[in-house]
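One letter stands for each residue in the lines below.
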Amino acid sequence: MTMRIDAPSNPRIAAAVKAAASGESMLLEGRRMIEEALDAGMQLNEIFFHRYPEQENEEEDFLRKAKGEGDDHATTPSPRVTEVSARVLRKLSDLPSTRGVVALAPPPHRTLASLSLLLPSKKSSSSPLFLILDDVQDPANVGAILRSSEAFGAAAALLTPGCAWPFSPRALRASAGSAFRLPVCTRVASHEAVLWARANGIALAGAEAHAGTAPEALAGVRPIALVIGSEGHGISPELAANLDHRVTVPLAGRVESLNAAVAAGVLLHILTRRPASAG
């Protein structure tokens, strides 16, 4: 029998809210996000759902899939499923489009050593492009950059400790599932990012608002890591001192700079687009 919780003050609900706020767990909001996580191989720990009579059949099908019922190859324990009141659901998530369900899952964990394995062998004809987010503090920007990174074929993203947590609800909404699929290494100190790049022969290219080279000039530089600095202060001194290239998106009019996520998307597009002659 499925347990039901009606009070937002219930200790389990308080624990779930605390785990999501601290980054111990990811809060997955709505069926689509949960399905994105499952398709990417994420393990769910808990599911909280509010029952809507008009969606009962669809709801039961979704819960069976989320619990892994009928999957003979499932190797992880089924998540705990709890029915909750509408008030409890609002306590867990302020997103109106959850359609009655949220879940908790452990955030993915990547190490710098694991990212080094993404570098191609010497026989490969192309090398990957990486992203380094340096103190990007807006979770929506972090999520949008991860989405663009996946869209343009980046191999992985590294985030310094000052970045917004990429698995927070706001960042996950903006990433639209990319945070589950793109390898993301968090809380990487600036000096560690530099040492990792040097050890793997990766050029560091920093996005600068002014006086950098045209991004087209770096289209053939591989392997390369594009560094995106914080919204207010740009790239931190330690990373800035170790840049091999500085790139600037030319702007018209009186616009001084672009939003961090927009700049990252524009630069990724330029750095990865194929020449017209390549078909």
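See the structure shown above.
Everything numeric here is computed off the predicted structure, so don't read it as measured data.

A.B. asks: Break down the nonpolar core for me, citing the residues and quoting the values.
C.D. replies: Counting 48 residues, the largest nonpolar core has Leu-28 and Leu-131 as the members making the most contacts within it. Among the elements that line this core, the one with the most residues is helix α11 (residues 260-272), at 6 residues. If we ignore the near neighbours within four places in the chain, the residues touching Leu-28 are Met-33, Ile-34, Ala-37, Leu-44, Val-101, Val-102, Ala-103, Ala-105, Leu-172 and Phe-180. One finds Val-188, Val-194, Ile-202 and Leu-204 within the second-largest nonpolar core, a separate group that totals 22 residues.

A.B. asks: Run through helix α9 (residues 190-199), naming residues and quoting values.
C.D. replies: Listed as buried for α9 are Ser-190, Ala-193, Val-194, Trp-196 and Ala-197. Down the axis of α9, the buried set is contained in an arc of 165°. They therefore lie on one face. Of the residues in α9, the exposed ones pointing more than 90 degrees away from the buried face are Leu-195 and Ala-199. Residues of α9 that are buried make contact with α5 (112-116), β6 (129-133), β7 (156-159), β9 (203-207) and α10 (237-240). Positive backbone phi, at 65°, marks Gly-201, one or two positions downstream of α9.

A.B. asks: Summarise the sheet that holds strand β11 (residues 245-247); cite the residues concerned and give the values.
C.D. replies: If you walk across this open sheet you meet the 6 strands as β8-β7-β6-β10-β9-β11, and the pairing is parallel. Each end of this open sheet is capped by a strand with a single partner; those strands are β8 (184-185) and β11. One ladder, built from 3 bridges, connects β9 with β11; its direction is parallel. Pairing of Gly-206 across the sheet is with Arg-246, part of β11. Contacts from helix α6 (residues 139-151) reach β6, β7, β8 and β10 (224-228), with the element oriented near 175° to β6. Sheet strands touched by α9: β6, β7 and β9. Its angle to β9, the strand with the most contacts, is close to 135°.

A.B. asks: Could you give an account of the pattern of salt bridges, with specific residues and numbers?
C.D. replies: Evaluated as defined, the whole model comprises 15 salt bridges. Among the ionic pairs, Asp-244 bridges to Arg-198, the shortest N-O distance being 3.1 Å. Of the two residues, Asp-244 sits in the loop between α10 and β11 while Arg-198 sits in helix α9, which places them 46 residues apart along the sequence. Looking at Asp-244, the relative accessible area reads 39%, which means it is partly exposed. Across the pair Arg-273 and Glu-216 runs a salt bridge, and its minimum N-O distance is 3.5 Å. Note that Arg-273 is positioned in the segment after α11 and Glu-216 in the loop between β9 and β10, a separation of 57 residues in sequence. For Arg-273, a relative accessible area of 42% gives the class partly exposed. Here the salt bridges share partners, and the residues they tie into one network are Arg-4, Asp-6, Arg-51, Glu-60 and Glu-83.

Rules and cut-offs
Residues numbered from 1 in each chain as written. Predicted model: local features only at pLDDT ≥ 70, side-chain atom pairs only at ≥ 80, totals over all residues. Heavy atoms only, no water. Core = buried A, V, L, I, M, F, W, Y, C linked by side-chain atoms within 4.5 Å. Buried < 20%, exposed > 50% of the residue type's maximum accessible area, 1.4 Å probe, protein only. Helix = DSSP H or I, 4+ residues; strand = E, 2+ residues; numbered from the N terminus. Contact = heavy atoms within 4.5 Å. Arc of directions from axis to C-beta. Pairing = 2+ DSSP bridges. Axes fitted to C-alpha atoms, helices over the stretch in contact; angles between N-to-C directions. Salt bridge = Lys/Arg side-chain N within 4 Å of Asp/Glu carboxyl O.

Scope: geometric values only; no functional claims are made or implied.
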